[in-house]
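The chain contents come next:
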Amino acid sequence: LKQYTIILCIIPVFAVIIKVLIGKGGKYMKWFDNTSLTLVIIGAVNWLLIGIFRFDLVAFLFGNMSWLSRIIYTIVGLCGLYLISLFGRIGSMSE
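Residues numbered from 1 in each chain as written. Predicted model: local features only at pLDDT ≥ 70, side-chain atom pairs only at ≥ 80, totals over all residues. Heavy atoms only, no water.

K.L.:
Explain the overall build of the protein chain to me, using residue names and the numbers behind them.
P.N.:
Looking only at helices and strands, one finds 5 helices and 0 strands in the protein chain. Shown N-terminal to C-terminal, the secondary structure of the protein chain runs as helices and strands in the order α-α-α-α-α. Put simply, the protein chain has 95 residues, and 23% of those count as buried. The contacts of the protein chain with a sequence gap of at least 6 include a subset with a gap of at least 24, amounting to 59%. Total accessible area computed for the protein chain in this model is approximately 7,000 Å², and 75% of it derives from carbon and sulfur atoms. (Helix = DSSP H or I, 4+ residues; strand = E, 2+ residues; numbered from the N terminus. Buried < 20%, exposed > 50% of the residue type's maximum accessible area, 1.4 Å probe, protein only. Contact = heavy atoms within 4.5 Å. Areas by Shrake-Rupley, 256 points an atom, 1.4 Å probe, with all protein chains shown as cover.)

Below, the structure written as structure tokens:
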């Protein structure tokens, strides 16, 4: 139950961070976009390692489904969901 509480606390914190960054006039959004993209790429490399070698780097470094590895998986997943907004922003820039 403790692990779920920690994981569920990350989601509203992530939403507040995004709201604050947008409220600053998008000044820090480029940094956040780049950070999110970097984390998602690292997550993709981890999935590549799982698919080809059956080796989970996050589990190896932080323990198999430990609270820390679950937080990392959650942050990477939230960054992936956040990057969906990139499609809309790219489309609006090209017009």
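K.L.:
Explain the packing of aromatic side chains to me, and be specific about the residues and the numbers.
P.N.:
One pass over the structure, following the stated rule, counts 3 aromatic pairs. Ring centres of Trp-31 and Phe-32 lie 6.4 Å apart, and the angle between their planes is 40 degrees; on these two criteria the pair is classed as tilted. Both rings, one in Phe-32 and one in Tyr-82, keep their centres 5.0 Å apart while their planes meet at 70 degrees; by these two values the pair is edge-to-face. Here Phe-32, found in helix H2 (residues 29-53), pairs with Tyr-82, found in helix H4 (residues 67-82); they are 50 residues apart in sequence, far enough to count as distant. Each member of the pair, Phe-32 together with Tyr-82, is buried. Through pairs of rings, three or more aromatic residues link up here, namely Trp-31, Phe-32 and Tyr-82. (Phe/Tyr/Trp six-rings, centres within 6.5 Å; stacked < 30°, edge-to-face > 60°.)

K.L.:
Could you give me a rundown of the layout of surface pockets, with the residues and numbers involved?
P.N.:
Roughly 300 Å³ of volume is contained in the largest pocket. Ranked by the residues each element gives to the lining of the largest pocket, the list is headed by H2, at 5 residues. When the residues that make up the lining of the largest pocket are grouped by side-chain class, the tally is 11 nonpolar, 2 polar and no charged. (1 Å grid on protein atoms, 1.4 Å probe; cavity = no way out; pocket = protein on both sides within 12 Å on 5 of 7 lines; lining within 4 Å. Points joined across faces, edges and corners; volume = space filled by probe spheres on them. Nonpolar A, V, L, I, M, F, W, Y, C, P; charged D, E, K, R; others polar.)

K.L.:
Give a description of unusual backbone geometry that names residues and reports values.
P.N.:
Residues other than glycine seldom take positive phi values, yet Arg-54 does so here, at roughly 55 degrees. When you line up the elements, Arg-54 lands in the loop between H2 and helix H3 (57-62). Since its relative accessible area comes to 80%, Arg-54 is described here as exposed. For Met-65, which is not glycine, the phi dihedral falls at a positive 55 degrees. Along the chain, the position of Met-65 falls in the loop between H3 and H4. Residue classification places Met-65 among the partly exposed positions, given a relative accessible area of 44%.

K.L.:
Give a detailed account of the packing of H2 against H4, specifying residues and quantitative values.
P.N.:
Axes are the key here: two packed helices are described by the angle between their axes and the distance separating the axes. Direction vectors running N to C along H2 and H4 enclose 120 degrees, while the axes themselves pass 9 Å from each other. What the angle tells us is that H2 and H4 run oblique. H2 and H4 meet at a crossing whose hand is left-handed. Residue-level inspection shows Met-29, Phe-32, Asp-33, Ser-36, Leu-39, Val-40, Gly-43 and Asn-46 of H2 in contact with H4, the latter providing Tyr-73, Ile-75, Val-76, Cys-79, Gly-80 and Tyr-82. When grouped by side-chain class, the residues that make up the contact of H2 with H4 number 9 nonpolar, 4 polar and 1 charged. (Axes fitted to C-alpha atoms, helices over the stretch in contact; angles between N-to-C directions. Parallel < 35°, antiparallel > 145°, perpendicular 65-115°, else oblique. Left-handed = near helix turned anticlockwise from the far one by under 90°.)

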